[in-house]
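# Descriptive analysis of the structure
This is what each chain is made of:
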Amino acid sequence: MSEDCIFCQIVAGDIPGRTVYEDDTVLAFLDANPLSPGHTLVIPKAHHERLNDTPADVAGAVMSTLHELVPAVEAAVDAPASTVAFNNGEEAGQEVPHVHGHIVPRFEDDGGRPIHALVTDRPDLSDDELDAIESDIVAEQA
Ligand code: 5GP
Ligand code: ZN
């Protein structure tokens, strides 16, 4: 637990949360400032700042919970779709530094936009640049 982390305080029960799923590793609760009805956050109970810091088994448990919860959340609020996403790091818009997946139920004509609307100034990358990025990412995993 990180003392000044709001999500750790929810895990500890020091701050109330509307829990929709819980097991030994994962907690899911309603977002306090929802983007739509049913907006849910899925977090590991242990404090990890970003996906990059999260052990693979814990990240797998978070993903598995997202997989279980997405249809339940959509059904509960009668949503035909949802945006499922992580703001992974401050520059990506992460405000609470305890890794969390968002489930945002989506509705026809809800005024929301797709993930491709996140960035308006797209880079114009050449085939060579894309090839170089491909091999750099593969090399980083070696
Ligand atoms: P981020 O921008 O870090 O990806 O998202 C943080 C989310 O946490 C926001 O959607 C915000 O509404 C939610 N949030 C912040 N503080 C609290 C809280 O105390 N309780 C709950 N349930 N959600 C919170
Ligand atoms: Zn935390």
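Notes on the structure in this doc start here. For clarity, every value in this text was computed on a predicted model and none was experimentally measured. In this convention, every chain numbers its residues from 1, walking through the sequence in written order. Whichever chain is written first is A, and whichever ligand is written first is 1; the rest continue in order. Given that this is a predicted model, residues contribute local features only at a pLDDT of at least 70 and side-chain atom pairs are listed and counted only at 80 or more, while totals for whole chains, interfaces and linings are drawn from all residues. Heavy atoms throughout the structure, all of them, feed into the side-chain values; hydrogens and water do not.

This brings us to the sheet that holds strand 4 (residues 81-85). Following DSSP output, two strands are said to pair if at least two bridges run between them. A run of DSSP states H or I qualifies as a helix once it reaches four residues; a run of E qualifies as a strand once it reaches two. Both are numbered from the N-terminal end. The five strands lie next to each other as 1-2-3-5-4, forming an open sheet whose pairing is antiparallel. Each edge of the open sheet is held by one strand with a lone partner, namely strand 1 (19-22) and strand 4. Across the sheet, the mean angle separating the axes of adjacent strands is 15° when strand polarity is ignored. In terms of strand pairing, strand 4 meets strand 5 (residues 101-106) through five bridges, oriented antiparallel. Looking at strand 5, one finds that Ala-81 is bridged to Arg-106. Against the sheet, helix 2 (residues 56-77) touches strand 1, strand 2 (26-30), strand 3 (40-44), strand 4 and strand 5, its axis set at about 165° to strand 3. The convention used is that axes are lines fitted to C-alpha atoms, helices contributing only their stretch in contact, and that angles between N-to-C directions extend from 0 to 180 degrees. Throughout, a residue-residue contact means that at least one pair of heavy atoms, one from each residue, lies within 4.5 Å.

Bound to the zinc ion (ligand 2) are the protein donor atoms Cys-5 (SG), Cys-8 (SG), His-47 (ND1) and His-98 (ND1), situated 2.1 to 2.3 Å from the metal. A 2.8 Å cut-off from the metal defines N, O and S donors, relaxed to 3.2 Å for Na, K and Ca; water is not in the atom list, so some sites may appear incomplete. The rule is simple: four donors are tetrahedral if all their angles sit between 85 and 135 degrees, four are square planar and six octahedral if opposite donors span more than 155 degrees and the others lie between 65 and 115, and anything that fits none of that is irregular. One way to put it: the four donor atoms around the zinc ion (ligand 2) meet at angles of 106 to 117°, and that makes the site tetrahedral. Site description for the zinc ion (ligand 2): donor spacing in sequence, C-x2-C-x38-H-x50-H. Like Cys-8, Cys-5 is buried. For every residue, the accessible area obtained with a 1.4 Å probe (protein chains only) is divided by the maximum for its type, and the residue is called buried under 20%, exposed over 50%, and partly exposed between those limits.

This part is about a negative patch on the surface. Patch membership requires over 30% relative accessible area and the absence of a salt bridge. Like charges are linked within 9 Å, and nonpolar side chains (Val, Leu, Ile, Met, Phe, Trp, Tyr) within 5 Å. Areas reported as accessible are Shrake-Rupley estimates using a 1.4 Å probe. Residue values count occlusion only from the protein chains shown. For this analysis, a salt bridge means a side-chain nitrogen from Lys or Arg found within 4 Å of a carboxyl oxygen belonging to Asp or Glu. Counted as positive: Lys and Arg. Counted as negative: Asp and Glu, with His and the chain ends omitted from the count. Positions of charges follow a simple convention, taking NZ of Lys, CZ of Arg, CG of Asp or CD of Glu. Together, Asp-124, Asp-127, Asp-128, Glu-129, Asp-131 and Glu-134 make up a negatively charged patch on the protein surface. Within the fold, Asp-128 resides in helix 3 (residues 127-140). The class of Asp-128 is exposed, set by a relative accessible area of 61%.

When strand 1 meets strand 2, the two strands line up antiparallel, connected through three bridges. Residue pairing for strand 2: Thr-19 is matched across the bridge by Phe-29.

Aromatic ring pairs are described here by two measures, namely the spacing of the ring centres and the angle between the planes. Two rings from Phe, Tyr or Trp (for Trp, the six-membered ring) form a pair when their centres are within 6.5 Å of each other. A pair whose planes differ by under 30 degrees is stacked, one over 60 is edge-to-face, and the rest are tilted. Going through the model one piece at a time under the given rule, you end up with one aromatic pair. Ring geometry for Phe-7 versus Phe-29: centroids 5.3 Å apart, planes at 80°, classification edge-to-face. Pair noted here: Phe-7 is in helix 1 (residues 6-12) and Phe-29 is in strand 2, with a separation of 22 residues, a long-range link. Grouping residues by exposure puts Phe-7 and Phe-29 together as buried.

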